[in-house]
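Residue-level listing of the chains:
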Amino acid sequence: MARWLFPAGGIRVKTRKDSMGRRVEIIDRKREYDGFFKLERVTLRYERFDGRLSEPISRLLFERGNSAAVLLYDQAADSVVLVKQFRYPAYVNDGPGWLWEIVAGMCEEEEAEVVAQNELLEEAGYRVERLEHIMSFYLSPGACSERVELYLGHVTGRSKVSAGGGLPEHGEDILVRQFGWQDVRRMLGEGEIRDAKTIIALQYLALRKAGQP
């Protein structure tokens, strides 16, 4: 699979095929911002549905790395564990600053499952013996390359090993709560849960509980 993430600096006419065998020709790229996140401007052509290459187009790529997310589910109690923390981008865009979410973290050098286990302990105080991979998806493919690896973690009362709450030295202040499934369904229906990865995870669980593949 082609992955369009390159080191800083321009390149000239690099053609590859994606996982479906369609051509993408990278003509030029430039790093516009190189901080904790990256912003790149790319000039490219892509294979149209009629087989021809498009005219050159310019696109901006926001590169923040991939991430791992975990929905914690207690089957015996029929409940899920969610966390709440302050999210400035949501706050500034006419939304609630504090969002209910599933546990998640960015993948840097570590594998997604390792990141997931570490974040479970840091954010929520849970240790899970086995994570079940649910799916991979892109949150905003029109602008951002981030791919999320989504997991399901089965927990019991014995899985809670610490308070969680995040790392104060990273400016984190995380609230951890366990919700009954009916409460979660109500929260979804009333728009109390507005984080995309969390909605996807909970909808998956709803389909699974209903016996659908």
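A quick note: this is a predicted structure, and the numbers were derived from the prediction, not measured.

> Just checking my understanding: could you explain the pattern of salt bridges for this structure?
Pairing of side chains with opposite charge becomes possible as their charged atoms draw close. Within the structure shown, the criterion is met by 18 salt bridges. Close ionic contact of E25 with R45 constitutes a salt bridge, the shortest N to O distance being 3.1 Å. Pair noted here: E25 is in strand β2 (residues 23-34) and R45 is in strand β3 (residues 38-46), with a separation of 20 residues, a long-range link. Judged by relative accessible area, R45 falls into the partly exposed class, the value being 24%. Across the pair E40 and R31 runs a salt bridge whose closest N-O atoms are separated by 2.8 Å. An identical accessibility class is assigned to E40 and R31; each is buried. Linked by salt bridges that have partners in common, R29, R31, D34, K38 and E40 make up one network.

> Any chance you could explain the environment of G166 here in plain terms?
Checked against the element boundaries, G166 lands in the loop between β10 (147-154) and β11 (175-180). For G166, a relative accessible area of 14% puts it in the buried group. In this structure, the C-alpha to C-alpha distance between G166 and E119, residues 47 residues apart in sequence, is 8.4 Å.

Calculation notes
Residues numbered from 1 in each chain as written. Predicted model: local features only at pLDDT ≥ 70, side-chain atom pairs only at ≥ 80, totals over all residues. Heavy atoms only, no water. Salt bridge = Lys/Arg side-chain N within 4 Å of Asp/Glu carboxyl O. Helix = DSSP H or I, 4+ residues; strand = E, 2+ residues; numbered from the N terminus. Buried < 20%, exposed > 50% of the residue type's maximum accessible area, 1.4 Å probe, protein only.

Taken by themselves, the reported measurements are silent on function.
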